[in-house]
Amino acid sequence: MKELVVGVTGASGMIYAERLLAVTAGRCRIHLIVSETAEMIAELEGVSFSGFDVIHETNSDLAAGIASGSFRFDGMVIVPCSMKSLAGIAHGISDSLIARAADVCLKERRPLVLVPRETPYSRVHLVNMLAAHDAGALILPASPPFYQKPEVISDLADMIVSRILDHLRIEHAIGTRWSGYHA
């Protein structure tokens with residue numbers, strides 16, 4: 001069973017984290033860290049992270065197991081990833097458990113998927129994305145495709161979640177894969 005860290009930070013798009021948990025909880029061992037701002041935005045967006053089979057971690061607990069490189073986990077996703085979190089990760093500022101676990105992924109060469117939801121991007125955002133990319137993170141913007149002809153919002157969220165799972169090498173049956181123009 002894969003062991004993952006899921007960080008949820010203060011950007012709009014809590015549906016992506018909720019759908020990710022719905023698909024992976026019980027299939028993977030999940031360490032869930034929700035920032036204080038993310039908790040407020042989740043409430044605003046009508047999303048709850050309770051009821052999932054996960055290990056709840058506290059974002060201020062820098063002594064948690066996942067804060068150490070010697071703690072083995074398979075990868076991490078931050079979804080949604082706020083620009084503040086992106087900047088901290090890109091510049092090695094580990095002032096929260098989310099940032100420290102991300103730093104562990106980078107230094108241990110484990111997969112780290114960052115899902116920014118901000119739009120448009122400023123030059124500062126783009127430079128920080130490039131710095132995080134150069135450090136080893138995968139930048140996966142929450143920009144779902146429309147070739148699958150989505151009918152409900154969860155169809156769009158599933159397309160992003162399916163890409164997250166692909167990059168964390170977790171088998172799934174959600175989303176629609178491109179099969180060419182003539183398929």
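Residues numbered from 1 in each chain as written. Predicted model: local features only at pLDDT ≥ 70, side-chain atom pairs only at ≥ 80, totals over all residues. Heavy atoms only, no water.

### Structural notes on the packing of helix α3 (residues 83-90) against helix α5 (residues 123-135)
Just so we agree on the cut-off: Fitted lines through C-alpha atoms serve as axes, helices being fitted only where they are in contact, and the angles separating the N-to-C directions of these axes extend from 0 to 180 degrees. Each helix is a run of H or I in the DSSP string that is no shorter than four residues. Each strand is a run of E no shorter than two, and both are numbered from the N terminus. For classification, angles of less than 35 degrees are called roughly parallel, those exceeding 145 degrees roughly antiparallel, those between 65 and 115 degrees roughly perpendicular, and all remaining angles oblique. It is the rotation of the near helix from the far one that decides the hand of a crossing: anticlockwise by less than a right angle makes it left-handed, clockwise makes it right-handed. Note on contacts: a residue pair is in contact if any heavy atoms of the two residues lie within 4.5 Å. Each residue receives one of three labels: charged for Asp, Glu, Lys and Arg, nonpolar for Ala, Val, Leu, Ile, Met, Phe, Trp, Tyr, Cys and Pro, and polar for the others, Gly being one of them.
Where α3 contacts α5, the two axes come as close as 8 Å, and the packing angle between them is 45°. Our classification of the angle between α3 and α5 gives oblique. Like other packed secondary-structure pairs, α3 and α5 cross with a definite hand, here left-handed. Residues Met83, Leu86, Ala87 and Ala90 of α3 lie in contact with α5, whose contacting residues are His125, Asn128, Met129, Ala131 and Ala132. Along the lines of polarity and charge, the residues of the contact of α3 with α5 split into seven nonpolar, two polar and no charged.

### So, the nonpolar core
Where we set the bar: In this text, buried Ala, Val, Leu, Ile, Met, Phe, Trp, Tyr and Cys residues form a nonpolar core when linked through side-chain atoms within 4.5 Å. Exposure categories follow from relative accessible area, calculated using a 1.4 Å probe and restricted to protein chains: below 20% of the type maximum is buried, above 50% is exposed, and the middle band is partly exposed.
By size, the foremost hydrophobic cluster in this structure holds 34 residues, and its most contacted members are Val6, Val8, Phe49, Val77, Val79, Val115 and Ile164. Elements supplying a minimum of two residues to this core: β1 (3-8), α1 (14-24), β2 (29-34), α2 (36-45), β4 (75-81), β5 (112-116) and α6 (153-167). It is α1 that contributes the most residues to this core, six residues altogether. Not counting chain neighbours up to four residues away, the residues in contact with Val115 comprise Val77, Ile78, Val79, Pro80, Cys81, Leu140, Pro141, Ala142, Ile160 and Ile164.

### With respect to the packing of aromatic side chains
Within a pair of aromatic rings, the relevant descriptors are the distance that separates the centres and the angle that separates the planes. Basically, it comes down to this: In summary, the pairing rule links any two rings of Phe, Tyr or Trp, Trp by its six-membered ring, whose centres are within 6.5 Å, and it sorts them by plane angle into stacked for under 30 degrees, edge-to-face for over 60 and tilted for everything else.
According to the stated counting rule, one finds two aromatic pairs in the structure shown. Ring centres of Tyr147 and Trp178 lie 5.1 Å apart, and the angle between their planes is 70°; this geometry places the pair in the edge-to-face category. Taken together, the residues span a long stretch of sequence, with Tyr147 in the loop between β6 (138-139) and α6 and Trp178 in the segment after α6 at a distance of 31 residues. With centroids separated by 5.1 Å and ring planes inclined at 85°, the aromatic side chains of Trp178 and Tyr181 adopt a geometry described as edge-to-face.

### Considerations on the pairing of β4
Worth spelling out the cut-off: Between any two strands, at least two bridges found by DSSP are needed for them to pair.
A large share of β4 lies buried, amounting to seven of its seven residues. By the alternation rule, side chains of β4 split into Gly75, Val77, Val79 and Cys81 and Met76, Ile78 and Pro80, which are all buried. Here β1 pairs with β4 via four bridges, running parallel. By the bridge assignment, Val5 is partnered in β4 with Met76. As paired strands, β4 and β5 are joined by four bridges and run parallel to one another. Opposite Ile78, over in β5, you have Leu114 as the bridge partner.

### Quick notes on α5
Filter applied, for reference: By this rule the span expected of a helix is its residue count minus one, scaled by 1.5 Å. Taking the helix axis as origin, the arc is that swept by the directions to the C-beta atoms. Residues adjacent in sequence count toward polar contacts only when both atoms are side-chain atoms; beyond that, a polar contact is any pair of N or O atoms within 3.5 Å, and within protein one must be able to donate a hydrogen and the other to accept it.
In this model α5 runs 18 Å from its N-terminal to its C-terminal C-alpha over 13 residues, within 8% of the 18 Å that 1.5 Å per residue would give. Within α5, burial applies to His125, Asn128, Met129 and Ala132. Viewed along the axis of α5, the buried residues span an arc of 105°, placing them on a single side of the element. Exposed positions of α5 whose direction lies more than 90 degrees from the buried face are Arg123 and Asp134. The secondary structure elements touched by the buried residues of α5 are α3, β5 and β6. The N-capping residue of α5, defined by a side-chain oxygen 3.3 Å from the backbone nitrogen of Val124, is Ser122.

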